[in-house]
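Chain and residue survey
These are the residues of each chain, in order.
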Number of protein chains: 2
Amino acid sequence: MTTADVTLPDLLTVPTPALLLDRHRLERNLARMSAHVARLGARLRPHVKTHKCPPIARKQVAGQFGGITISTLAEGFAFAEAGFDDLLYAVPVEPGKFGRLCQLARQVRRLAVLTDEPTLPPLLSAAAEAAGVSLDVFVEIDCGDGRTGVSFDHLDRIEHVARAVASARRLTLAGILTHAGQSYAARTTAERRTVAGLERDRMAQVAAALEQRGLAVPCISIGSTPTVVALDEPLPPNFEVRPGNYVFFDAFQAQCGVCAFDDCALTVLTAVVHRSEGKVVVDAGAIALSKDIGAADFFPHNGYGLVGDLAGQPLGLRVAAVSQEHGRIPVADPALLGRLPVGTRLRVVVNHSCLTAAQHTHYWVVDDGTIVARWPIVQGW
Amino acid sequence: MTTADVTLPDLLTVPTPALLLDRHRLERNLARMSAHVARLGARLRPHVKTHKCPPIARKQVAGQFGGITISTLAEGFAFAEAGFDDLLYAVPVEPGKFGRLCQLARQVRRLAVLTDEPTLPPLLSAAAEAAGVSLDVFVEIDCGDGRTGVSFDHLDRIEHVARAVASARRLTLAGILTHAGQSYAARTTAERRTVAGLERDRMAQVAAALEQRGLAVPCISIGSTPTVVALDEPLPPNFEVRPGNYVFFDAFQAQCGVCAFDDCALTVLTAVVHRSEGKVVVDAGAIALSKDIGAADFFPHNGYGLVGDLAGQPLGLRVAAVSQEHGRIPVADPALLGRLPVGTRLRVVVNHSCLTAAQHTHYWVVDDGTIVARWPIVQGW
């Protein structure tokens, strides 16, 4: 939907709370990552879980090979419908999803999944055969995150899973994949560079070991915005990277130094509904902002988001508490409080953009203070 | 949608993660609250923000006067469309919403709003007049929660707001309203009873003071599931109560003793996607469960939800960590871990049902282990 299709509201009339996407910042973030990944000599397969929005993904893959990473099968069907034909589903596959996966595989040129479970490939292959499709499969490796994947130093187990994939009729061993989620605990560029270096080196070692054991590893897939941003030397051949958060960034990433505060492209537009001594309350609460305090564990002064004025200029305020539809913003300065009567519209730079976006149904795209488009967000699973 | 309309999936085939609503527990919770409020001699105006689902609200108002409480105007339009005609919008009103409020007022018999701001009623009245509608207005009182409302002991300010409403042509002073959000910090029935008693007494005093000053107070609206449940004596005349969470309850309310664990009607059905030493990882993460750790601040052993088997029987496990689409469940007992291979379906009793439900698009209604209906959830604002 663009201005050509409908009359769009403006920032003073759009119903609040509303999710605003700054087009200029979005495009700058995309251009920077594309240039950075080109310097790394890697392939960019962006993770669309952050935005769940085909129009954003189209900009994201411009000049790239076109592959994307998805976090739900609902995203898969929506992006296939929108013309994306090379998908990687980045949550370990389990039998309850075989039916829908095969259905999705029929709609795209290539669908890749991941597993760390040696008993699973024969079952998946049988399902694929029954459905008349083929699937690419990555072996998931744990490089220190401790969430999913076979630990990078359990080479026999990794080989066992890889052989189970390689020997299944309808499956192709696509390579190995990891997510260095531990990078989110790093607090400096140096720490992130260490995590990123380990991620790269451990994956390269696993790939070399598998090749030595006679298994081809066409692709080494690594991920996470913090580690990709931290990499500063070209990657070895066959690396693919899957950053997601960089499209929007957020207060957490800015506080960590992964981006600048003025790279944050996503804000929630909200209205003051109450003013009393020392505070205002706005109509953006736990649903509009999300209750993710992952960042706040380390950065309590971020709270549930950093508050700016209608133009997005920081006011030095934060959302300190949320209930379902209320957000409380302490305002110590009486002069500032005097300028925030009921009805004042504010913009909150969100704490964790992936979770905030998932709680909305659409973005209002803002260009230089004007709403220029309304883009949908894929819901559910 | 019921079995008559479509072929419904069963618990083994419905795509995960999925939001399950136990019909028996729902109906038992509704019946108990209706009986309890009847004993209190009050009117029940349930808050639909917890479920955002017209079919549930229909059951909720059965035998009641039919009024409901809403938390967003999107709920307002959806419930008006579904035939509800007496709505109370329980977030303080601000000028940016006047247009849609007046539009909603045209679609229902009665729309009530609230304010604590004396400058607002004349503006609202002018908007209502221009739109050809009338609105009921409650003065919001703060009985100790510290979120919104005029403090109960600032009687002059309360009178000031009430007179601003009463003197506005298109507004009717509906009464006074409070939300005792501080009840969520109470940890025992005795503490909750104290909060509930203060809420009742302070509101009765404010009403008496206003009447003494010549202002009629037709309705005293109090709320919150914990305080309503804690009340054990009949309320004075003209009280209306607005509990919401009681339809589902959740792990937090159970841990607090507001309900029993087997009153919790809402679970997230999820599948194991990874198993390794000491843990499984499931496909219900921050979006499917919500990241609300309000409860976990006090009850870390609840985590992001308590884990049961497919029949809902507790397994003594919790979701200890979540990322967007992953939930980590520690499993110390090797024998139990052995019974949880990849693909196993589990049911998680959620931590805070209001926030979890708002992140899904529909409920699968379960009766004795069988899915019997699919009910929609209103999205957005």
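Residues numbered from 1 in each chain as written. Chains lettered and ligands numbered in written order. Predicted model: local features only at pLDDT ≥ 70, side-chain atom pairs only at ≥ 80, totals over all residues. Heavy atoms only, no water.

As named in an unreviewed UniProt entry, chain A is Putative amino acid aldolase or racemase, taken from Chloracidobacterium thermophilum. As stated in UniProt under Sequence similarities (unreviewed entry), the record for chain A gives "Belongs to the DSD1 family." (UniProt positions renumbered as here; feature names shortened; annotations may be inferred.)

Moving on, we get to the pairing of strand β11 (residues 266-276) of chain B. Residue and element names in this part refer to chain B. Among the 11 residues that make up β11, 9 are buried, leaving the element largely enclosed by the rest of the structure. Alignment of strand β1 (residues 18-22) against β11, held across 4 bridges, turns out to be antiparallel. Its bridge partner lying in β11, Leu21 is registered against Leu266. Relative to strand β17 (residues 345-350), β11 runs antiparallel, the two sharing 5 bridges. The partner of Thr267 across the bridge, within β17, is Val349. Between β11 and strand β12 (residues 279-282), which pair antiparallel one after the other, the connecting turn spans 2 residues, and Gly278 there sits at a positive phi close to 80 degrees. (Buried < 20%, exposed > 50% of the residue type's maximum accessible area, 1.4 Å probe, protein only. Helix = DSSP H or I, 4+ residues; strand = E, 2+ residues; numbered from the N terminus. Pairing = 2+ DSSP bridges.)

So, on to the relation of the copies chain B and chain A. Here chain B sits on chain A after a turn of 180 degrees about the axis and a move of 0.0 Å along it, with an RMSD of 0.0 Å. Such values leave the two copies arranged in the relation of a two-fold axis. An overlap of 100% is found between the interface residues of chain B and their copies at the interface of chain A, pointing to a shared contact surface. (Least-squares fit on C-alpha atoms with pLDDT ≥ 70 in both. Contact = heavy atoms within 4.5 Å.)

Residue and element names in this part refer to chain A. Taken domain by domain, chain A comprises domain 1 (41-247) and domain 2 (255-376). One C-alpha centre belongs to domain 1, the other to domain 2, and the line joining them spans 33 Å. The interface is formed by 16 residues belonging to domain 1 together with 14 residues belonging to domain 2. Counting the surface domain 1 buries against domain 2, the share from its top three residues, Thr50, Arg187 and Arg192, is 36%. Applying the counting criterion to the domain 1 and domain 2 interface returns 0 salt bridges. Remark: the boundary between domain 1 and domain 2 carries 3 residue pairs in polar contact (both at pLDDT 80 or more). Put simply, the parts of the chain that give the side of domain 1 that touches domain 2 at least two residues each are α2 (54-60) and α8 (225-230). Residue composition of the side of domain 1 that touches domain 2, grouped by class: 7 nonpolar, 4 polar and 5 charged. (Domains from an automatic or database assignment. Buried area = accessible area lost by both parts, 1.4 Å probe. Salt bridge = Lys/Arg side-chain N within 4 Å of Asp/Glu carboxyl O. Polar contact = N/O pair within 3.5 Å; in protein donor to acceptor, adjacent residues only side chain to side chain. Nonpolar A, V, L, I, M, F, W, Y, C, P; charged D, E, K, R; others polar.)

Residues and elements named next belong to chain A. Backbone torsion omega between Thr16 and Pro17 reads -5 degrees, so that peptide bond is classified as cis. Residue placement: Pro17 occurs in the segment before β1 (18-22). In the Ramachandran plot, Phe249 falls in the positive-phi region, its phi being about 50 degrees despite a non-glycine side chain. Note on placement: Phe249 falls in the loop between β10 (239-242) and α9 (251-256). A positive phi angle is found at Asp368, which is not glycine, with a value near 55 degrees. Assignment of secondary structure puts Asp368 in the loop between β18 (362-367) and β19 (370-376).

The interface is formed by 52 residues belonging to chain B together with 52 residues belonging to chain A. Summing both sides of the interface, chain B and chain A together bury roughly 4,200 Å²; the carbon and sulfur share of this comes to 59%. When the buried surface of chain B facing chain A is broken down by residue, B:Arg147, B:Gln324 and B:Trp381 rank first, second and third, together holding 18% of it. Applying the counting rule to chain B against chain A returns 4 salt bridges. B:Lys291 is the partner of A:Asp292 in a salt bridge, and the nearest nitrogen-oxygen pair spans 3.0 Å. Going through the elements one at a time, β11, β12, α10 (286-289), β16 (326-330) and α12 (353-358) of chain B are the ones with two or more residues in the side of chain B that touches chain A. Within the side of chain B that touches chain A, the residues separate by chemical class into 21 nonpolar, 16 polar and 15 charged.

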